Amino acid sequence: MSRLDPEEVARAVTAFINTTIMARSHPVQPDDDLELAGLDSMALLKVLLFIEAQFGFWMPDEDLVEENIKTPRAMAAYICRRGSQS
Amino acid sequence: MNLVELLYSSVERHSSRRALTDVRSGRSLSYGQLARETQRVAALLKTEGVERGQRIGLLAPNDLAYVPAAFGLLAAGACMVPLASNLTPAETAEIVRDVQLNGCLAWPKADVLPGASGAVVQGGECDNFTFRWLDRDAEAPAEFDSLNPAFIRFTSGTTARSKGVVLSHEATAARVEAADRVLAFSEEDRILWVLPLAYHFAVTIVAYVRAGTHILMCPDTLPRAMVDAVQRLKPSVLYAAPLHFERMANLGPSEPLTSIRVILSTAAPISPAVMDRFESVYGVPIGQAYGIIEAGLPCINLGTEGLPSTSVGRPVPGYEVAVLSDDGKRLSTEDLGEIAVRGDGLFSAYYSPWQLREQITRDGWFLTGDLGWLDQAGALHLKGRKKTVMFVAGLKFFPEEVEDCINQFRGVKESRVFSRPHARMGEVPCAEVVLDSRGCDLDALKTHCARLLSSYKVPLEFTVVDAVPRTPSGKIRR
C-alpha cells in the first residue's frame, strides 16, 4: 500500500460521511465529534464498511475506542497507522 | 383494559424501587417517579384534547424520557405510533400519511413535523417535549376504535403492501403474559437495555415494568462498553441483536458473565458459530426467540433446556405453531413448510390498507411467510423465508423499497437490489442499475438514496448492467 496522507484520508472519510450518511442534515467537518453530530451505531458500521472497501482492512472491535473514532480526523490517524504497519 | 394499569400496579408494589437508570449519567427514575412523569405527560395531552383512538406519534431518542412519554400517551387513551429516530424525514412522512396521524409528541431536539404550534411539557423527565396536532380531525376506519388499539407498529422495513400493524391493549397484554411465563421476570431482575425503544417498547418494556424489574439503559452499544457494563452492573437479563453478541464474542477471553440468567437474541437469525463462540468466551448460552411483528414471540429457546441451539424453541404457552403445506394442510413433524401461528397475542389489523386480522388469518392461523419445520421435541427450526426481506446488522428491510427509490432517479430505467453475505454485517445491500439514454452519475444516485433512506438500506455498491435478471414469471431474481 502506498503511503497514506492523513489529510487526504480525513477528507475522504468526511466526504463519505457527508454523501452517504449525513446527506439530509448538516455536513460534518474533519474535526467534528461524530456522536454529537448524530452518527449512531449503524452509521458507524457504514463507516467501517467504507474503510474496509477503501483501505482493505476491517477495523476490529477492540480498536473502536473514542480516541480512534471520535472524529473523521481521529479515524484517519488510525487508518494511517494501520496502513503503515501492513 | 389499558396497559398503563400494569405500570400502576407495579407502582403499588414497588413505588420506591428503581425502574430505570441511564448507565452513562447514572440518573434513575423510581417506579413512583415513572408514574408521576407518565401522569404529567397524560395530563398535558388530555388538556390539549387528545381522545381515545387518536393516532399520536412519539418521536424521542433511546433515553429515560421515552418510557414515561410512551406510557403517558397510552394513559391519555391515544394509540401510540412510534416514529423511530433513525428514519429519514421522507420515511417519517410516509408513516404520518399511512396512519393518518392526528398528532405527535416529540422530544426537544426532534426535526419539527408540520403542524400547528405545540403545547410544551413543563419540567420533569419529559421537560420541553412538545405536543402538536398534525391533522386533528383525521378519522380512522370505523372498526379501529372498537379494537382498543394501543400501538401501530412498523417493522424496521416496510413492504409495498400491508403497512402499520395495529396491536390492541389486550393483545399486547397477552404477549407480555406469554413471554413472562417462559422468562419469569421478577423485581430481582436487572435488565441491560441496548435496543431501540421505538421497536421494543410495546411488549418488552411493558413486560419489564409489569414485573417490577430495574431497566439499565446502556446508550453505548459498542461491544467493549457492553461487556464492561455487564461486569460492572451485573444485570440478570440481556436482550440484544445477533451483531451485539457476535462483536462481544470477538473481543476474546473474558471472565464469565456470572450475573446473567437469561440472554436472548432477537431481531434477526443468529448463526450457531456465534452462539458457540459467545458461550465459550462468556460461559453463558445465548437463547433465541422467534419474533414476528404480527405475532410477538410465539417460540422461545432459552438455551438451557437441552433443545438444539439451532432451534428457536417450543411454542410459548398461549401460542400454537403449525407448519403448513402450500395448500394449507398441516404437515407432519420434520416436514418443511410455511410457519403459521395462532394465539391471543396476534395483531388486530393492518392499518394501510385497512384489513382486520380475521380477513387475513385462516381459522385463526396467521401465515408468517417464514419457512421451517418442527422436530420430534416440538421445537421449531427456521429455514429461510418466502418474502424477500433482507437483514443488515439485525435491521430489516425489503429490497423493493430501495429499488423504488433508485428507480425515481433521473437516468435510471430499472434496478435490482440484492444482498451479498458479509462476515460482520450478516448481509450488505448491493444494487445493479440499468440506465436509460440519459445515463446518470452513480455518486449522485448514492446521495439521492442516502437522503431518502435510512443509512443501512443504502446499497454499498452500485453497478451498471445492461439488464436485470428475472425469473420466467417476470419477478426480479435475487
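Quick caveat, the model's predicted, so the values are computed rather than measured.

A separate point is the overall build of chain A. Within chain A, the secondary structure is distributed over four helices and zero strands. Secondary structure elements in chain A, listed N-terminal to C-terminal, are α-α-α-α. Computed over C-alpha atoms, the radius of gyration of chain A comes to 12 Å, within 12% of the 12 Å expected from 2.2 N^0.38 for 86 residues, which places it in the range of a compact globule. Principal axes of the C-alpha set define a box for chain A whose edges measure 35 × 25 × 20 Å. The buried share among the 86 residues of chain A stands at 34%.

What follows covers the environment of Val182(B). Residues and elements named next belong to chain B. The topology assignment puts Val182 in helix α5 (residues 169-183). On the basis of neighbour count, Val182 is assigned to the buried category, with 22 C-beta atoms found within 10 Å. Between the alpha carbons of Val182 and Pro317 there is a distance of 8.0 Å; along the sequence they are 135 residues apart.

Before going further, it helps to examine the nonpolar core. One finds Ala69(B), Ala70(B), Leu73(B), Leu74(B) and Met80(B) to be the most contacted residues of the largest nonpolar core, which totals 183 residues. The biggest single contributor to this core is helix α6 (residues 197-211) of chain B, with 11 residues.

Next up on the list: the domain arrangement of chain B. Residue and element names in this part refer to chain B. Annotation of chain B at the domain level lists domain 1 (4-140), domain 2 (171-386) and domain 3 (389-464). Each side of the interface is counted separately: domain 1 has five residues, and domain 3 has four residues. Residues of the side of domain 1 that touches domain 3, tallied by class, amount to two nonpolar, two polar and one charged.

For the rest of this paragraph, the subject is the pairing of strand β18 (residues 337-343) of chain B. Within a regular strand, the side chains alternate between the two sheet faces. Residue and element names in this part refer to chain B. With six of seven residues buried, β18 lies mostly within the body of the structure. Two strands pair when backbone bridges link them, and β18 and strand β21 (residues 366-374) are joined in this way by four bridges, in the antiparallel orientation. Bridge pairing in β21 places Val341 opposite Phe366.

Extensive coverage of helix α3 (residues 66-75) of chain B is indicated by the burial of 10 of its 10 residues. Following α3(B) by one or two positions, Gly77(B) has its phi on the positive side, about 95°.

Looking now at unusual backbone geometry. Residues and elements named next belong to chain B. With an omega of -5°, the peptide bond running from Ser352 to Pro353 counts as cis. Of note in the backbone geometry, Asn148 takes a positive phi value of approximately 55° without being a glycine. Tracing the chain through its elements places Asn148 in the loop between β7 (130-133) and β8 (149-153). Located in the positive-phi region is Lys234, a residue other than glycine, with phi close to 50°. Summarising the element assignment, Lys234 is placed in the loop between α7 (223-233) and β12 (237-240). On the neighbour-count criterion, Lys234 (14 C-beta atoms within 10 Å) is partly exposed.

Let us look at the interface of chain B and chain A. Counting residues at the interface gives 24 residues for chain B, matched by 16 residues for chain A. Of all the secondary structure elements, the ones that give two or more residues to the side of chain B that touches chain A are α7, α8 (242-250) and α12 (442-452) of chain B. The element that contributes the greatest number of residues to the side of chain B that touches chain A is α12(B), accounting for five residues. Split by residue class, the side of chain B that touches chain A holds 12 nonpolar, six polar and six charged.

Summary statistics for chain B give a mean pLDDT of 90 and a share of 96% for residues scoring 70 or more. Both scores are available for the predicted complex, with the pTM at 0.81 and the ipTM at 0.72.

Let us look at the sheet that holds strand β16 (residues 314-315) of chain B. All names here are of chain B. Ordered by their spatial adjacency, nine strands build an open sheet running β2-β1-β11-β10-β12-β13-β14-β15-β16, and the pairing between neighbours is mixed. The open sheet has two free edges, formed respectively by β2 (28-30) and β16, since each of these has just one partner strand. Relative to strand β14 (residues 287-292), strand β13 (residues 262-265) is paired through two bridges, and the arrangement is parallel. The partner of Ser265 across the bridge, within β14, is Gln288.

Quick look at α5(B) now. Residue and element names in this part refer to chain B. Along its 15 residues, α5 runs 21 Å from first to last C-alpha, staying within 8% of the 21 Å computed at 1.5 Å per residue. All of the buried residues in α5 are His169, Ala171, Thr172, Ala173, Arg175, Val176, Ala178, Ala179, Val182 and Leu183. Buried residues in α5 make contact with β8, β9 (163-168), α6, β13, β15 (296-301) and β17 (319-324). Two residues or fewer past α5, Ala184 is found with a positive phi of approximately 50°.

So, about the packing of helix α2 (residues 31-47) of chain B against α3(B). Axes are the key here: two packed helices are described by the angle between their axes and the distance separating the axes. All names here are of chain B. For the pair α2 and α3, the least separation of the axes is 7 Å and the interaxial angle reads 50°. One finds that α2 runs oblique with respect to α3. Every pair of crossing elements has a handedness; the one defined by α2 and α3 is right-handed. Within the contact between the two elements, α2 uses Leu34, Glu37, Thr38, Gln39, Val41, Ala42 and Leu45 and α3 uses Val67, Pro68, Ala69, Phe71, Gly72, Leu73 and Ala75.

Quick notes on the rules
Residues numbered from 1 in each chain as written. Chains lettered and ligands numbered in written order. Predicted model: local features only at pLDDT ≥ 70, side-chain atom pairs only at ≥ 80, totals over all residues. Helix = DSSP H or I, 4+ residues; strand = E, 2+ residues; numbered from the N terminus. Rg over C-alpha atoms; globule rule 2.2 N^0.38 Å. Buried ≥ 20, exposed ≤ 12 C-beta atoms within 10 Å, placed from the backbone. Core = buried A, V, L, I, M, F, W, Y, C linked by C-beta atoms within 7 Å. Domains from an automatic or database assignment. Contact = placed C-beta atoms within 7 Å. Nonpolar A, V, L, I, M, F, W, Y, C, P; charged D, E, K, R; others polar. Pairing = 2+ DSSP bridges. pLDDT = per-residue confidence, 0-100. Expected span 1.5 Å × (residues − 1). Axes fitted to C-alpha atoms, helices over the stretch in contact; angles between N-to-C directions. Parallel < 35°, antiparallel > 145°, perpendicular 65-115°, else oblique. Left-handed = near helix turned anticlockwise from the far one by under 90°.

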